[in-house]
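# Structural features, examined
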Amino acid sequence: MTPLAESPSPSVAESPSPSAVVSPPPVVVMVDVYAPTMRLARAFADAGCAVVRLRSTPEVPAVYRGHDDPAAEALFADTVVHAGDLEVTTKAVAAHAPVAVVTGGELGVELADRLSEALGLTSNGTGRSAARRDKYLQIEALRAAGLPTARQLLVTDADELADWHRGLGGRVVVKPVRSAGNDGVFFCDTPQESVSAYRAVAGARNLFSQCNEAVVAQEYLAGVEYVVNTVSRDGRHRATDVWRYAKIDANGVRDRICAAVLVPPAAPERDTLVRYAAQVLDALDVRHGPAHHEIMLTAGGPRLVEVGVRLCGADTAAQALLALGESQVERTVQAYLDPAAFLAGVDAPQQVGTHVAMAFLTSPVTGVLRGYPLLDRVRELESLHEIHVGVRPGQRLPLTVDDTTEPMMVVLAHPRPEVVERDLATVGWLDGHGFYDVEPGSAGEPA
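Residues numbered from 1 in each chain as written. Predicted model: local features only at pLDDT ≥ 70, side-chain atom pairs only at ≥ 80, totals over all residues. Heavy atoms only, no water.

Under an unreviewed UniProt entry, the name given to the chain is Biotin carboxylase, and the organism recorded is Micromonospora nigra.

## A look at the domain arrangement of the chain
We count it as follows: For each domain, the first and last residues come from an automatic or database assignment. Throughout, a residue-residue contact means that at least one pair of heavy atoms, one from each residue, lies within 4.5 Å. For any pair of parts, buried area is found by adding up, for both, the accessible area (1.4 Å probe) each one loses once the two are put together. By definition, a salt bridge exists where a carboxyl oxygen of Asp or Glu is found within 4 Å of a side-chain nitrogen of Lys or Arg. Polar contacts, as used here, are pairs of N or O atoms within 3.5 Å; protein pairs need one atom able to donate a hydrogen and one able to accept it. Residues neighboring in sequence count only if both atoms are side-chain atoms.
Segmentation of the chain into domains returns domain 1 (27-123), domain 2 (151-219) and domain 3 (223-438). With nine residues of domain 2 in contact, the opposing surface of domain 3 contributes nine residues. Between domain 2 and domain 3, the buried area comes to about 730 Å², and carbon and sulfur atoms account for 38% of it. Our count for the domain 2 to domain 3 interface comes out at two salt bridges. Salt-bridge contacts for Lys175 lead to Glu306; the nearest nitrogen and oxygen are separated by 3.0 Å. Linking domain 2 with domain 3 are two residue pairs in polar contact (both at pLDDT 80 or more).

## Some details on the pattern of salt bridges
Short version of the rule: Here a helix means four or more residues in a row that DSSP labels H or I, a strand means two or more in a row labelled E, and each is numbered from the N terminus. The cut-offs for exposure are 20% and 50% of the maximum accessible area for each residue type, with area from a 1.4 Å probe on protein chains only; residues under the lower value are buried, those over the upper are exposed, and the others partly exposed.
Counted according to the given criterion, the structure contains 29 salt bridges. A salt bridge links Asp113 to Arg132, with the nearest nitrogen and oxygen atoms 2.7 Å apart. Placement of the pair is Asp113 in helix H3 (residues 109-118) and Arg132 in the loop between H3 and helix H4 (135-144), with a sequence separation of 19 residues. Accessibility assignment for this pair places Asp113 and Arg132 in one class, buried. One salt bridge in this structure joins Arg128 and Asp285, with 3.8 Å as the shortest N-O distance. Residue Arg128 is located in the loop between H3 and H4, and its partner Asp285 is located in the loop between helix H7 (270-283) and strand S12 (289-298); the two are separated by 157 residues in the primary sequence. Connected via shared salt-bridge partners are Glu106, Arg133, Lys135, Lys175, Glu306 and Arg310.

## Overview of the packing of aromatic side chains
Aromatic ring pairs are described here by two measures, namely the spacing of the ring centres and the angle between the planes. The test is simple: Within 6.5 Å between ring centres, the rings of Phe, Tyr and Trp (the latter by its six-membered ring) count as paired, and their orientation is classed by plane angle as stacked under 30 degrees, edge-to-face over 60, tilted in between.
Inspection of the entire model under this criterion finds four aromatic pairs. A centroid spacing of 5.7 Å and a plane angle of 50° characterise the contact between Tyr372 and Phe435, whose relative ring orientation is tilted. Remark: Phe435 occurs in the loop between helix H12 (417-430) and strand S19 (437-438) and Tyr372 occurs in the loop between strand S15 (367-371) and helix H11 (375-379); sequence separation between them is 63 residues. Note on Tyr372: relative accessible area 12%, which makes it buried. According to the relative accessible area criterion, Phe435 is buried, its value standing at 1%. Geometrically, the ring pair formed by Phe435 and Tyr436 is edge-to-face, given 5.2 Å between the ring centres and 70° between the ring planes. Under the relative-accessibility criterion, Tyr436 is labelled buried at 6%. Members of the aromatic cluster, joined through ring pairs, are Tyr372, Phe435 and Tyr436.

## Focus: the sheet that holds strand S4 (residues 100-103)
Formally: When DSSP finds two or more bridges between a pair of strands, those strands are recorded as paired. Between N-to-C directions, angles span 0 to 180 degrees; the directions come from axes that are lines fitted to C-alpha atoms, helices contributing only their stretch in contact.
Pairing in this open sheet of four strands is parallel, and the strands run S3-S2-S1-S4 from one edge to the other. Here the strands that pair on one side only, and so sit at the sheet edges, are strand S3 (76-81) and S4. Recorded for the sheet is a direction-independent mean angle of 25° between the axes of neighbouring strands. With five bridges joining them, strand S1 (residues 27-31) and strand S2 (residues 50-55) adopt parallel strand pairing. Bridged to Val28 within S2 is Val51. Along the sheet, H3 contacts S1, S2 and S4; its crossing angle with S4, the most-contacted strand, is approximately 165°.

## Regarding helix H2 (residues 86-94)
Given 3.6 residues per turn, any residue in an α-helix points the same way as the ones three and four places further on. Rules: Starting at the helix axis, one direction is taken to each C-beta atom, and the arc is that of these directions.
Buried within H2 we find Thr89, Thr90, Ala92 and Val93. The buried residues of H2 occupy one face: seen down the axis, they fall within an arc of 165°. Exposed and facing more than 90 degrees away from the buried side of H2 are Glu87, Val88 and Lys91. Contacts from the buried residues of H2 go to S1, S2, S3, S4 and H3. The residue sitting at the N-terminus of H2 and contributing the capping side-chain oxygen is Asp85; that oxygen lies 3.1 Å from the backbone nitrogen of Glu87.

## Some remarks on the environment of Val356
If you trace the backbone, Val356 turns up in strand S14 (residues 355-360). Residues Val356 and Leu384, spaced 28 residues apart in sequence, show a C-alpha to C-alpha distance of 9.7 Å. Beyond its immediate stretch of four places on either side in the chain, Val356 contacts Trp243, Ala260, Val261, Leu262, Gln319, Leu322, Ala323, Val411, Leu412, Ala413 and Val420.

## Structural notes on the nonpolar core
Applied cut-off: In this description, a nonpolar core means a group of buried Ala, Val, Leu, Ile, Met, Phe, Trp, Tyr and Cys residues linked to one another through side-chain atoms lying within 4.5 Å.
Counting 24 residues, the largest nonpolar core has Leu142, Val228, Val280, Leu284, Ile295 and Leu304 as its most contacted members. When residues of this core are traced back to their parent elements, those giving at least two are H4, strand S9 (224-233), strand S10 (236-250), H7, S12 and strand S13 (301-308). When residues no more than four places from it in sequence are discounted, the contact partners of Leu284 are Arg128, Ala131, Arg132, Gln138, Ala141, Leu142 and Val307. Residues Ala359, Leu361, Leu375 and Leu430 belong to the second largest nonpolar core, which totals 23 residues.

## Details of the sheet that holds strand S17 (residues 396-397)
Spatially, the three strands line up as an open sheet ordered S17-S15-S19, and their pairing is antiparallel. Of all strands in the sheet, those with a lone pairing partner are S17 and S19, marking the two edges. Inspection of the sheet shows S15 paired to S17 by two bridges, in the antiparallel sense. Among the inter-strand pairings, Val368 is bridged to a residue of S17, identified as Arg396.

## Remarks on the confidence of the model for the chain
Defined as follows: Confidence of the predictor in every single residue is expressed as pLDDT, which spans 0 to 100.
Of the residues in the chain, 93% reach a pLDDT of 70 or more, and the chain-wide mean stands at 91. Predicted confidence is poor over residues 1-16, with pLDDT under 50, and the contacts of this stretch with residues over four places away or in other chains come to 14 contacts.

## Considerations on the side chain of Gln152
Tracing the sequence through the fold places Gln152 in strand S5 (residues 152-155). Reaching out from Gln152, the side chain makes a polar contact with the backbone oxygen of Tyr136 at a distance of 3.0 Å. In terms of polar contacts, Gln152 uses its side chain to reach the side chain of Gln218, at 3.0 Å. Setting aside anything within four residues of it in sequence, one finds Gln152 in contact with Lys135, Tyr136, Ile139, Glu140, Arg143, Trp164, Val216, Ala217 and Gln218.

So this is what it looks like as structure tokens:
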């Protein structure tokens, strides 16, 4: 571990006056900052902070390996690795005298809570820390607070699960209590499918290279799913951006998220969603920092799918900034470094500068990619803003079954929402077997 660099002491003859002494920059510690949240680390650095990276695990989770820009290493003043001893890690972090300890990613939520509380910094505390990560405990905390929720079961026995599913009827969702994205999520129409899903999830390694410690079964929520991204300070919550998901059934995956469309501030459903998100935060004692809610708007009103008390992924912050002139990134920096300014603008109205949608492409084939024959058709779209290519020619193209196997994201932006909607539908029409050219016979090659 390398300490923060210090300027050499000047000689007596060169000593500046006391008023000219430059104070060291404030230090912000970010727990588990990897490629999806590197934008937040850069924002703290641009605000004049020294950023210390803290890894909550000795090994970098496989999902993040190979995605970071090597040049980003220069961004960090130091890297601290938590090997399991909280006292040792607390001392290492305290040596930097940080002004804040901030969660960089889902895996770091609980460690950030423990360290910020131990060091007497702005903190959500540890009282409900487990519920901010554990999907079963989340729903139970909301139920205890009087919020409407999905019915659920913490699964410990296959026969109990089958009986519960039979009694509930309909479709059931089975998933790990601790993961992210749609990792390990199964949609089950029969008790037998639920039992098979439970056996597949229990003990398996999840997105973060950790064994699933428990499994939860929940009733399937019918409705339209939304994202509400927030930033909080002192228990005051700001909804920075709201998105509506579009979904498809593809590659054996039910409800695969294929797009996110900006919900403008004037949309009638937005206030309902934002109010519910604030109630979720209060139920989980989230008073500070960013949070990413996935909420189903059902016929009976909003119901939480799950919440991550951290920044939203998929570089959504950049698209929110494009659309609304603000995002979780800038508001998070403000909330920690200039809380008075954050609170002064926490209820300020928003206005859409441009309407935005993100299309997450879904490859129906796998193999060594030769190219995207129809990509020029995407480039011709009136609202095209940018294209993020995840798999390039010469690389192996996986079958798209989750968020980590997406070959491409297309960002659309236009002053007129109907143009965005039309072009989003066109992307969906283009995406399919003809969009991907793979080497013949390469589908069976090892990844």
